[in-house]
Amino acid sequence: LWDMHYSLGVAYKLTEEYDLAVQEMLTAVALNPTNPDILTEISRTHSTIGQFDKAIQYAEQALVIDPSDTTVIVNRGLAHLHSGDAADALKDFREAVAVDGEDAAAHYGASQAAAVLGNNQEALRSVARALELNPGYAGEAAGDPNLASLQGDPQFLKLLRESGGR
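Definitions and limits used
Residues numbered from 1 in each chain as written. Predicted model: local features only at pLDDT ≥ 70, side-chain atom pairs only at ≥ 80, totals over all residues. Heavy atoms only, no water. Salt bridge = Lys/Arg side-chain N within 4 Å of Asp/Glu carboxyl O. Helix = DSSP H or I, 4+ residues; strand = E, 2+ residues; numbered from the N terminus. Buried < 20%, exposed > 50% of the residue type's maximum accessible area, 1.4 Å probe, protein only. Core = buried A, V, L, I, M, F, W, Y, C linked by side-chain atoms within 4.5 Å. Axes fitted to C-alpha atoms, helices over the stretch in contact; angles between N-to-C directions. Parallel < 35°, antiparallel > 145°, perpendicular 65-115°, else oblique. Left-handed = near helix turned anticlockwise from the far one by under 90°. Contact = heavy atoms within 4.5 Å. Nonpolar A, V, L, I, M, F, W, Y, C, P; charged D, E, K, R; others polar. Phe/Tyr/Trp six-rings, centres within 6.5 Å; stacked < 30°, edge-to-face > 60°.

(A) Just the pattern of salt bridges, in detail. Considering all chains together, one arrives at nine salt bridges under this definition. Ionic pairing is found between Glu-41 and Lys-13, a salt bridge with its closest N-O pair at 2.8 Å. Pair noted here: Glu-41 is in helix H3 (residues 36-48) and Lys-13 is in helix H1 (residues 2-14), with a separation of 28 residues, a long-range link. Classification of Glu-41 by relative accessible area gives buried; the value is 10%. Between Lys-91 and Asp-88 there is a salt bridge, with its nearest N and O atoms 3.5 Å apart. Highlighted residues: Lys-91 and Asp-88, both in helix H6 (residues 86-99), separated by three residues, approximately one helical turn. Classification of Asp-88 as partly exposed rests on a relative accessible area of 27%. It is possible to trace a salt-bridge network through shared partners that takes in Lys-13, Glu-41 and Arg-44.

So, in structure tokens, the structure goes:
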């Protein structure tokens, strides 16, 4: 029964009926409280609508169940970053990298948070690793406002060219 509510919640999210999506997912998690995927989806839904405090809250609940899920750690980091807390975001992205050094999203997030904090050397190292793992980030990085402090940096431009960006 929980999976029916979860699926309905995802369907509501796809149709941008976010209040109904959260309501169905909360019903699903009440029926299956140890499933971190439901909590993760609730977190993502709150992020989508800019409710970053709630997104962080549900990500943390999911991490109690599975503390090594780098997708959840990265999502929590993104919620911190989008809420204006680049320092906590960077902590999350570094944690995700420590758990899985091959997680391109964690490296890319670390580059964003480091750049926002003015740590361009760490931002360059992190974006280089993200692009090495997933060259598809080059297009996003080229116009990413979080990486604005890197725009015009010769090393950054070289990384983008070598990865297929502008």
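(B) Here's a closer look at the nonpolar core. One finds Tyr-108, Val-127, Leu-131, Ala-141, Leu-147, Phe-156 and Leu-160 to be the most contacted residues of the largest nonpolar core, which totals 41 residues. At seven residues, helix H7 (residues 104-116) tops the list of elements feeding residues into this core.

(C) Focus on the packing of H3 against helix H5 (residues 70-82). For the pair H3 and H5, interaxial distance at closest approach is 10 Å and the crossing angle is 20°. It follows from the interaxial angle that H3 and H5 lie roughly parallel. Crossing of H3 against H5: the hand is left-handed. Judged by residue contacts, Thr-40, Arg-44 and Ser-47 of H3 engage Thr-71, Val-72, Asn-75 and Ala-79 from H5. For the contact of H3 with H5, the class distribution of residues is two nonpolar, four polar and one charged.

(D) Fine view of the packing of aromatic side chains. In the structure shown here, the tally under the stated rule is two aromatic pairs. Look at Trp-2 and Tyr-6: their rings are 6.3 Å apart centre to centre, the planes differ by 55°, and that puts the pair in the tilted class. With Trp-2 and Tyr-6 both in helix H1 and four residues apart, this pair spans about one turn of that helix. Among the residues examined, Trp-2 registers a relative accessible area of 30% and is labelled partly exposed. With a centroid separation of 4.6 Å and 10° between ring planes, the pair formed by Tyr-108 and Tyr-137 is classed as stacked.

(E) Examining the environment of Val-97 more closely. Mapping Val-97 onto the fold places it in helix H6. Between the C-alpha atoms of Val-97 and Glu-60, which are 37 residues apart in sequence, the distance is 17 Å. Filtering out sequence-adjacent residues up to four positions away, Val-97 remains in contact with Ala-106 and His-107.

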